[in-house]
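Read off the chains here:
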Amino acid sequence: MKDAARIPEKTDCLEPVPAADFVRAWKQDFGIETAHLFENVDAIELTRDAETGHMRFEPSILGDASFYQALRRFKWYHPVRKLEHVHAGRLASPGDLVLDIGAGVGDFARYLDQVGYIGLESDPDAVEAGQQSGRDLRPIDMATWRALDMFRPADLVTAFQVLEHVSEPQSFLTEMVACLSQDGRLVIGVPDAESYVADLPDFMLNAPPHHVTWWTEAALRELLDRAGMKVDAVTRFPVEPWEYQLWWMAKASNCLPGQKERRFGRALRWRKILSFCLSWPLQWMPPPAGANGSTLLVQASRRYP
């Protein structure tokens, strides 16, 4: 299925980045080798669709199993408690079926009570770990789930921090809607491209092969509208403990001299290192009251004529 959010002739290039710069940064920052993923790719462009505001990296270089296994060695990669889980858990009613897409180890299930929970996850190690904790996790995609005899539409379909990893978001969302009951609700959580994350210099966790799309509220609304959905609520959360240092790092970077037009590249190495060092002693200090975190959560339902 062609991704309706992609209109190449109306796409602007915001920034070209040599692929070698991504390979270098992933190795220097996290010790992760990504050269095999960028093979035969000279440069990656961060683009924006002029009509929808949808931002993506072209070509879309996705992480493989070994890449995510390496990332999961870091304990901070999957915070145990996230406010988007707490908030979304309150939307489920007793007796509902909740379908969690890209469920990881199924942490969202701990915020649900008296509901049926099924998590779909592509990482077999995460599925095994979640199953050992008693969670119903399955190593299948949405199309496979819908083809099973036991399939029934879910009352709540969620995707937390998943959409930014998807190269064809419109197709992905269409599958989510197909898994949804007629009066059900979608909940999608993404990093907010208009949050402090945009000020983090050469921030690899927001770059290929980890994130391949960026999302603003306007772009998410457009994506949902094209899928026949209407937005019922948009929620932003305070800065959470797991992101304190990132918030301070962004503030430190903004205080440093020099050009800030570029988001990635070798020239930002010194700014990244210095802002990281400046933020280190502040990582346990909450930001000022009222500061927004990086998470954007959107709740949507079917749009009727």
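Note that residues are indexed from 1 along each chain, following the sequence as it is written. Totals for whole chains, interfaces and linings use every residue, but because this is a predicted model, local features are given only for residues with pLDDT of at least 70 and side-chain atom pairs only at 80 or more, for both listing and counting. For side-chain calculations, the full set of non-hydrogen atoms in the structure is used, while hydrogens and water are omitted.

S.K.: Honestly, the pattern of salt bridges in this entry has me stumped. Any pointers?
M.R.: A side chain with one charge may pair with a side chain of the opposite charge, provided their charged atoms come close. Here a salt bridge means any side-chain nitrogen of Lys or Arg lying within 4 Å of a carboxyl oxygen belonging to Asp or Glu. Counted according to the given criterion, the structure contains 20 salt bridges. Where Glu 58 meets Arg 56, a salt bridge forms, and the shortest distance between an N and an O atom there is 2.8 Å. When salt bridges with common partners are traced through the structure, they connect Arg 24, Asp 29, Asp 202, Arg 269 and Lys 272 into a single cluster.

S.K.: Where do I start with the pairing of strand β2 (residues 43-49) in this structure?
M.R.: Side-chain positions along a regular strand alternate between the two faces of the sheet. Where strand β1 (residues 11-18) meets β2, seven bridges bridge the pair, whose relative direction is antiparallel. Considered in β2, the bridge of Thr 11 is made with Asp 49. When DSSP finds at least two bridges between two strands, those strands are taken to pair. A run of H or I in DSSP becomes a helix once it reaches four residues, and a run of E becomes a strand once it reaches two; helices and strands are each numbered from the N terminus. Alignment of β2 against strand β3 (residues 55-58), held across four bridges, turns out to be antiparallel. Bridge assignment links Leu 46 to a residue of β3, and that residue is Phe 57.

S.K.: Where do I start with the packing of aromatic side chains in this structure?
M.R.: In this description, a pair of aromatic rings is defined by centroid distance and the angle of the planes. Think of it this way: a Phe, Tyr or Trp ring, Trp meaning its six-membered ring, pairs with another when their centres are within 6.5 Å, and the plane angle makes it stacked under 30 degrees, edge-to-face over 60, tilted otherwise. Counting across every chain of the model gives 18 aromatic pairs. A network of ring pairs unites the aromatic residues Trp 26, Phe 30, Phe 67, Tyr 68, Phe 74, Trp 76 and Tyr 77 as a single cluster.

S.K.: How should I be thinking about the side chain of Gln 245 in this particular structure?
M.R.: Along the chain, Gln 245 turns up in helix α8 (residues 244-255). A relative accessible area of 15% means that Gln 245 is categorised as buried. Here a polar contact means two N or O atoms within 3.5 Å. Within protein one must be a hydrogen donor candidate and the other an acceptor candidate, and residues neighboring in sequence count only if both atoms are side-chain atoms. Engagement of the side chain of Gln 245 in a polar contact is seen with the side chain of Ser 279, the distance being 3.2 Å. In what follows, a contact means two residues having at least one pair of non-hydrogen atoms within 4.5 Å. Those residues in contact with Gln 245 that sit more than four places away from it in its chain are Phe 276, Ser 279, Trp 280 and Gln 283. A 1.4 Å probe rolled over the protein chains alone gives each residue an accessible area, and that area as a share of the maximum for its type sets the label: buried under 20%, exposed over 50%, partly exposed in between.

S.K.: How should the environment of Gly 134 be read in this particular structure?
M.R.: Here Gly 134 lies in the loop between α4 (124-132) and β6 (137-138). Judged by relative accessible area, Gly 134 falls into the exposed class, the value being 66%. For the pair formed by Gly 134 and Gly 106, sequence separation is 28 residues and the distance between their alpha carbons is 9.6 Å.

S.K.: Could you clarify how one ought to interpret unusual backbone geometry in this entry?
M.R.: With the exception of glycine, most residues fall at negative phi, and the peptide bonds are largely trans. Residue Glu 58 is joined to Pro 59 through a cis peptide bond whose omega torsion reads -5 degrees. In this structure, Pro 59 sits in the loop between β3 and α2 (65-71). The peptide bond linking Pro 208 to Pro 209 adopts the cis configuration, its omega dihedral lying at 5 degrees. Here Pro 209 is to be found in the loop between β8 (180-191) and β9 (213-214). Of note in this structure, Asn 40 is not a glycine but carries a positive phi near 65 degrees. Mapped onto the fold, Asn 40 is located in the loop between α1 (19-30) and β2. The exposure class of Asn 40 is exposed, given its relative accessible area of 77%.

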